[in-house]
Amino acid sequence: TRQEAATVVKCKLHYQESGKCAVNDDGPRVMSTPYARGLFSLLLSPDFAQFLETLTGIKGVIADTAFQGSGFHQTLPGGALAIHTDFHLNKRLMLTRRINVFLYLNPDWEDHFGGDLELWSVTKKSAQTSVPKPHRRLANIAPKWGRLVVFTTGERTFHGHPMPLNTTHRNRRSI
């Protein structure tokens, strides 16, 4: 419920970085409610893959049904996520990650809580190297309830929310 989404919930970690945790398996914790199953059914559907193909121009989109790098994510109060690029090869499926999709689940999120997704460019000098470096922030996107963010991703797609959450009572949540 919206009320439950507004409270801090301790999470059993599959991984953690500066207060970010995820439940990214397809087991009972991820699919424990009909709401979660319905939402994931939509996001993993052929219709949504077609929508992403049309939106991005990338053909042959395949959903991440193994939840490798996807699933429920939350940042705990005071947590942050450094500017980074994501892994690109799903070794289990031998597929390349090409699109990121974030759906924010933060009702009544206030701007002063922080947690904005930041998208960054690469330096001109490092753009053609094997180790690109972030250069400057291009966009800030607030993690408001129901906001869907879609962007193509690759070795030079830097993103994160590097400023610690400015809240003691709210988690920043997304799928």
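Since the model is a prediction, treat every value here as computed from it, not as a measurement.

A. Structural detail: helix α3 (residues 46–56). The complete set of buried residues in α3 reads Phe-48, Ala-49, Leu-52 and Glu-53. Taken around the axis of α3, the buried residues stretch over an arc of 145°, which confines them to a single face. Exposed residues on α3 whose side chains face more than 90 degrees from its buried face are Asp-47 and Thr-54. Contacts from the buried residues of α3 go to α2 (34–43), β7 (99–103) and β10 (148–152). Gly-57 occupies a position one or two residues after α3 and carries a positive phi of about 80°.

B. Representation of the layout of surface pockets in the model. Roughly 1,100 Å³ of volume is contained in the largest pocket. Contributing elements (two or more residues each) for the lining of the largest pocket: α2, α3, β4 (81–84), β6 (95–96), β7, β11 (158–161) and β12 (172–174). If one sorts the elements of the lining of the largest pocket by residue count, β7 sits on top with 4 residues. Per-class residue counts for the lining of the largest pocket are 22 nonpolar, 15 polar and 8 charged.

C. Structural context of the pattern of salt bridges. According to the stated counting rule, one finds 4 salt bridges in the structure shown. Between Asp-111 and Lys-144 there is a salt bridge; the shortest N-O distance is 3.0 Å. In this pair, Asp-111 sits in the loop between β7 and β8 (117–122) while Lys-144 sits in the loop between β9 (134–141) and β10, placing the two residues 33 residues apart along the sequence. Here Arg-156 ties to Glu-155 by a salt bridge, and the two come within 3.1 Å at their closest N and O atoms.

Rules and cut-offs
- Residues numbered from 1 in each chain as written.
- Predicted model: local features only at pLDDT ≥ 70, side-chain atom pairs only at ≥ 80, totals over all residues.
- Heavy atoms only, no water.
- Buried < 20%, exposed > 50% of the residue type's maximum accessible area, 1.4 Å probe, protein only.
- Helix = DSSP H or I, 4+ residues; strand = E, 2+ residues; numbered from the N terminus.
- Arc of directions from axis to C-beta.
- Contact = heavy atoms within 4.5 Å.
- 1 Å grid on protein atoms, 1.4 Å probe; cavity = no way out; pocket = protein on both sides within 12 Å on 5 of 7 lines; lining within 4 Å.
- Points joined across faces, edges and corners; volume = space filled by probe spheres on them.
- Nonpolar A, V, L, I, M, F, W, Y, C, P; charged D, E, K, R; others polar.
- Salt bridge = Lys/Arg side-chain N within 4 Å of Asp/Glu carboxyl O.

These figures come from the coordinates and say nothing about function on their own.
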